[in-house]
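Here is how the chains run, residue by residue.
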Number of protein chains: 2
Amino acid sequence: MDYYSSYITKLIEEFARLPGIGNKSAQRLAFHVMNQSDEQVKHFTDTILEAKANVQYCKCCCTLTDKEICPICASPKRDASTIMVVETTKDMAAYEKTGQYEGVYHVLQGAIDPMRGIGVNDIRLRELVERLKGDIKEVIIATNLGVEGDATALYLRNLIKPTGIKVTRIASGVPVGGDLECIDEVTLLRALDGRIEQ
Amino acid sequence: MDYYSSYITKLIEEFARLPGIGNKSAQRLAFHVMNQSDEQVKHFTDTILEAKANVQYCKCCCTLTDKEICPICASPKRDASTIMVVETTKDMAAYEKTGQYEGVYHVLQGAIDPMRGIGVNDIRLRELVERLKGDIKEVIIATNLGVEGDATALYLRNLIKPTGIKVTRIASGVPVGGDLECIDEVTLLRALDGRIEQ
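In this text the structure is predicted, and so the values were computed from the model without any measurement.

Looking at the pattern of salt bridges
Residue and element names in this part refer to chain A. As enumerated under the stated definition, the model contains 20 salt bridges over all chains in all. The closest approach of N and O atoms between E138 and K166, which form a salt bridge, is 4.0 Å. Of the two residues, E138 is situated in strand β5 (residues 138-141) and K166 in strand β6 (residues 166-169); the sequence distance between them amounts to 28 residues. Overlapping salt bridges, with partners in common, bring together D150, R169 and R190 in one network.

So, in structure tokens, the structure goes:
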């Protein structure tokens with residue numbers, strides 16, 4: 001890496017720190033930026049800083065929003081007594097795209113992951129516990145279906161169950177359009193466990 | 001895309017404009033940045049702006065460098081009478097990594113690509129023509145082996161040949177370690193055309 005200016009090397013390192021960006025992609029991005037006009041680069045960094053300055057966590061559900069209370073929490077049309085707990089704002093957006101869910105959300109901004117040192121105090125659990133003191137009928141756990149998501153779901157279940165609030169978790173099974181022979185064994189067994197009488 | 005703040009949507013669009021970054025990756029990057037601390041984001045944008053402010057094109061070979069004349073052009077150890085013409089600073093770095101080439105470079109910062117409206121005046125050809133007025137013995141064409149690189153190589157050949165300067169192009173053929181059965185037909189035919197008597 002002595003073939004470039006140290007400024008470019010530093011920039012490549014900075015890009016390579018982003019998730020999903022390897023060294024080759026980081027190089028491509030750095031040279032792309034270097035070949036752009038001053039205005040284009042300024043516009044790029046301004047967009048980042050502006051977003052960072054204006055976006056905050058919703059005081060209610062902890063999603064990323066540019067308002068104090070996000071539009072979903074603020075909407076009188078949503079059923080505030082049903083909370084779907086998701087890991088990220090992206091997961092929330094995924095369910096919003098279905099257009100069918102009428103409850104509200106709680107965004108944990110992460111999942112319990114002891115391997116990476118992320119414990120119960122590092123995600124937005126305290127805020128959820130506060131919300132449960134209100135008039136809540138059901139908490140739908142929609143964390144991801146991996147090890148961390150499962151651990152988080154189990155923790156949430158044990159936390160909420162004693163309060164008497166109904167706790168459910170979204171179904172795990174073969175996705176629509178999925179070919180049985182292409183599905184992993186764990187999913188097949190989960191689909192079997194979760195079978196529904198017809 | 002109405003599920004996020006407009007600031008995040010704008011940021012996602014900005015990331016999606018980068019080469020090799022699709023919509024999903026852009027989302028991941030935008031949310032990653034939003035979840036970082038103010039200092040980390042500031043450091044990221046500062047690195048970009050600093051690199052952009054300090055990096056320029058070498059007055060001689062047009063590579064990206066933080067000096068007026070890049071270290072290779074400035075080095076008395078390099079043979080300034082042999083110029084290898086490459087498309088990008090990355091290509092130059094690739095040959096520098098071999099540690100064997102002793103000549104200098106000329107970085108076109110692109111290749112002729114009429115389909116995308118990139119003509120002979122959009123790449124650093126004028127600067128190369130200027131350099132050829134000096135004491136140059138050989139120009140080695142090392143543009144990429146695709147359609148644009150080939151078109152650029154042909155143009156360079158026709159431009160330089162009449163001046164009497166020796167023009168060569170790096171060999172095209174089966175890469176070292178390449179399995180013949182896995183190599184495309186065009187490469188196999190090029191390797192055949194370029195066969196060398198043993």
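What follows continues from the structure just given.
Remarks on helix α2 (residues 23-34) of chain A
Structural remark: α-helix, 3.6 residues per turn; residues separated by three or four positions point the same way. With 12 residues, α2(A) extends 16 Å between its outermost C-alpha atoms, agreeing within 8% with the 16 Å of an ideal straight helix rising 1.5 Å per residue. Of all the residues in α2(A), the buried ones are A26(A), Q27(A), L29(A), A30(A), F31(A), V33(A) and M34(A). On the buried face of α2(A), the contacting elements are α1 (6-16) and α3 (38-54) of chain A together with α3 (38-54), β1 (56-57), β2 (64-65) and α5 (89-98) of chain B.

With respect to the interface of chain B and chain A
With 50 residues of chain B at the contact, the number on the chain A side is 50 residues. Across the interface of chain B and chain A, roughly 4,900 Å² is buried in total on both sides, 71% from carbon and sulfur atoms. Counting the contacts that link chain B with chain A gives 0 salt bridges. Our enumeration of links across chain B and chain A arrives at 12 residue pairs in polar contact (both at pLDDT 80 or more). Elements supplying a minimum of two residues to the side of chain B that touches chain A: α1 (6-16), α2 (23-34), α3, β2 and α5 of chain B. Top contributing element to the side of chain B that touches chain A by residue count: α3(B), with 13 residues.

Considerations on the state of the cysteines
All names here are of chain A. Per the counting criterion, the structure on display carries 0 disulfides over all chains. With no disulfide of its own, C58 has C61 as its nearest cysteine by sulfur position, at a separation of 3.8 Å. For C58, a relative accessible area of 2% gives the class buried.

Looking at the side chain of T89(B)
Inspection of the secondary structure assignment puts T89(B) in helix α5. Take T89(B): its relative accessible area is 2%, and that puts it in the buried class. With sequence-adjacent residues up to four places away left out, T89(B) is seen in contact with Y4(A), F31(A), T63(B), L64(B), V107(B) and Q109(B).

So, how was this worked out
Residues numbered from 1 in each chain as written. Chains lettered and ligands numbered in written order. Predicted model: local features only at pLDDT ≥ 70, side-chain atom pairs only at ≥ 80, totals over all residues. Heavy atoms only, no water. Salt bridge = Lys/Arg side-chain N within 4 Å of Asp/Glu carboxyl O. Helix = DSSP H or I, 4+ residues; strand = E, 2+ residues; numbered from the N terminus. Expected span 1.5 Å × (residues − 1). Buried < 20%, exposed > 50% of the residue type's maximum accessible area, 1.4 Å probe, protein only. Contact = heavy atoms within 4.5 Å. Buried area = accessible area lost by both parts, 1.4 Å probe. Polar contact = N/O pair within 3.5 Å; in protein donor to acceptor, adjacent residues only side chain to side chain. Disulfide = S-S within 2.5 Å.

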